[in-house]
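# Overview (structure and organization)
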Amino acid sequence: MSDEDKADDRAGERREMLRLIESEAAETAHWLGKQRLDPAVMEALARVPRHAFVPRREAAQAYCNEPLPIGLGQTISQPYIVAVMTDQALGGSGVGPGCRVLEVGTGSGYQAAVLAETGAEVWTIEALPELAAEVAERLETLGYGGIHCRQGDGAAGWPEAAPFDAILVTAAATAIPPALVDQLKPGGRLIIPLGPPDGAVRFTSTQRLLRVDKAENGGLSERVILPVAFVPLVTPPAEDR
Ligand code: SAH
């Protein structure tokens, strides 16, 4: 990050955003099964300059606890959802350092940066070539050049880097992609929104954020975390696969 960006890092607004996330987590404690998100996850969110991940025209809104458009019909997820997904993926088990995490749906790169700030090694896949090119450059510029980026169909996972401790899918699938379950370590977690592409408001949505745990013996267990509204998982253009 340049000195100019550091001087304008909007840390005060970011603290206020964290407060909004904490209060929404407390309000939804009955869904989450806990009152508070892992402090290490909140610290990671406190370090990522969300304003650097949104289009210039949305910059003023960057620290509202809302999803924002990032172009091509895609969105940067709501900060509370990013916090919940990171917490479900890594929270409680010695967050981050040494963990291998795959994200499907790089989008703006914000979720990937939050994962990297926990100390995890991050692999992320984006379907749309324009977004993939843009985000790799942004992550590099912001000092997140250690994140491994690729353009392609995230439903196929990243077999060469597997197995992963956690996999996060940030677009809604109609069924769990089998490759992602295969690429999960025993003891690993898959966090994925499942349901039709309804694009509705969160609590009237028919999509559910699901957590799939793979036991040491390979057995799978599923739990619903929250009602959610994600953009749908798409199949990338054939020439780019
Ligand atoms: N995690 C993002 C939010 C992503 S929105 C962030 O922090 O900003 C969902 C993203 O998933 C979009 O960028 C969309 O293009 C991408 N996507 C949709 N289908 C995909 C697929 N099959 N493989 C990889 N990415 C996909």
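Look above for the structure.
Residues numbered from 1 in each chain as written. Predicted model: local features only at pLDDT ≥ 70, side-chain atom pairs only at ≥ 80, totals over all residues. Heavy atoms only, no water.

## What about the environment of valine 54?
- Structurally, valine 54 can be placed in the loop between helix H4 (39-47) and strand E1 (68-71).
- The contacts of valine 54, once residues within four sequence positions are left out, are Ala59, Ala62, Leu68 and Ile76. (Helix = DSSP H or I, 4+ residues; strand = E, 2+ residues; numbered from the N terminus. Contact = heavy atoms within 4.5 Å.)

## As for the site of the ligand
- Surrounding the ligand, one finds 27 residues, the nearest of these being Glu103, Ser108, Glu126, Gly154 and Val234.
- One of the side-chain nitrogen or oxygen atoms of glutamate 103 is found 2.8 Å away from a nitrogen atom of the ligand.
- Between the ligand and aspartate 153, the relevant distance is 2.9 Å, taken from a nitrogen atom to a side-chain nitrogen or oxygen of the residue.
- Here the ligand loses 100% of its free accessible area of 580 Å² to cover by the protein chains.
- Counting residues per element, the ones that place at least two in the shell around the ligand are strand E2 (74-76), strand E3 (100-104), helix H6 (110-117) and strand E4 (121-126).
- Take the shell around the ligand: its biggest share by element is three residues, from E2.
- When the residues that make up the shell around the ligand are grouped by side-chain class, the tally is 12 nonpolar, 12 polar and three charged. (Near = heavy atom within 4 Å. Polar contact = N/O pair within 3.5 Å; in protein donor to acceptor, adjacent residues only side chain to side chain. Areas by Shrake-Rupley, 256 points an atom, 1.4 Å probe, with all protein chains shown as cover. Nonpolar A, V, L, I, M, F, W, Y, C, P; charged D, E, K, R; others polar.)

## Section: the side chain of threonine 118
- Within the secondary structure, threonine 118 is located in the loop between H6 and E4.
- Of the residues examined, threonine 118 reaches a relative accessible area of 7% and is grouped as buried.
- Those residues within four positions of threonine 118 in sequence are excluded, and the remaining contacts are Ala44, Thr86, Leu90, Val95, Gly96 and Pro97. (Buried < 20%, exposed > 50% of the residue type's maximum accessible area, 1.4 Å probe, protein only.)

## Describing the packing of aromatic side chains
- Evaluated as defined, the whole model comprises three aromatic pairs.
- Ring plane angle 70° and centroid distance 5.8 Å describe the contact between phenylalanine 53 and tyrosine 110, whose orientation is recorded as edge-to-face. Taken together, the residues span a long stretch of sequence, with phenylalanine 53 in the loop between H4 and E1 and tyrosine 110 in helix H6 at a distance of 57 residues.
- For phenylalanine 53, a relative accessible area of 1% puts it in the buried group.
- Relative to phenylalanine 164, the ring of tryptophan 123 lies with its centre 5.7 Å away and its plane at 65°, an arrangement referred to as edge-to-face. A residue pair is termed long-range when its members are at least 10 positions apart, and tryptophan 123 in strand E4 and phenylalanine 164 in strand E6 (residues 164-169) qualify at 41 residues.
- With relative accessibility at 6%, the residue tryptophan 123 sits in the buried group. (Phe/Tyr/Trp six-rings, centres within 6.5 Å; stacked < 30°, edge-to-face > 60°.)

## Observations concerning the nonpolar core
- One finds Ile21, Leu45, Phe53, Leu90, Tyr110 and Leu226 to be the most contacted residues of the largest nonpolar core, which totals 50 residues.
- With eight residues, helix H5 (residues 79-90) is the single largest residue contributor to this core.
- Ignoring any residue separated from it by four or fewer positions in sequence, one finds tyrosine 110 in contact with Met17, Leu45, Val48, Arg50, Phe53, Ile76 and Val82.
- Counting residues in hydrophobic clusters, the runner-up holds 17 residues, among them Ile167, Ala173, Val181 and Leu184. (Core = buried A, V, L, I, M, F, W, Y, C linked by side-chain atoms within 4.5 Å.)

## Observations regarding the packing of H4 against H6
- Across the interface, H4 lies against H6 with an axial gap of 8 Å and an inter-helix angle of 125°. In terms of orientation, H4 lies oblique with respect to H6. Seen from above, H4 lies across H6 with right-handed handedness. Along its contact with H4, which presents Ala44, Leu45 and Arg47, the element H6 presents Tyr110, Val114 and Glu117.
- By residue class, the composition of the contact of H4 with H6 is four nonpolar, no polar and two charged. (Axes fitted to C-alpha atoms, helices over the stretch in contact; angles between N-to-C directions. Parallel < 35°, antiparallel > 145°, perpendicular 65-115°, else oblique. Left-handed = near helix turned anticlockwise from the far one by under 90°.)

## Remarks on the pairing of E6
- Burial runs high along E6: five of the six residues are buried.
- Bridge count between E3 and E6: four bridges; the pairing is parallel. Within E6, the residue paired with glutamate 103 across the bridge is leucine 168.
- Alignment of E6 against strand E7 (residues 184-194), held across four bridges, turns out to be parallel. Looking at the pairing, isoleucine 167 lines up with leucine 190 of E7. (Pairing = 2+ DSSP bridges.)

## What to know about the sheet that holds strand E5 (residues 148-151)
- As summarised here, the arrangement of the seven strands in space is E5-E4-E3-E6-E7-E8-E9, forming an open sheet in which the pairing is mixed. The open sheet has two edge strands, E5 and strand E9 (220-228), and neither has a second partner. Taking the axes of each pair of neighbouring strands and ignoring which way they run, one obtains an average angle of 15° across the sheet.
- Taken together, the four bridges between E4 and E5 define a ladder with parallel strand orientation. Paired with isoleucine 125 across the bridge in E5 is arginine 150.
- Packing of helix H7 (residues 129-141) onto the sheet brings it into contact with E4 and E5, and relative to E5 it is tilted by some 165°.

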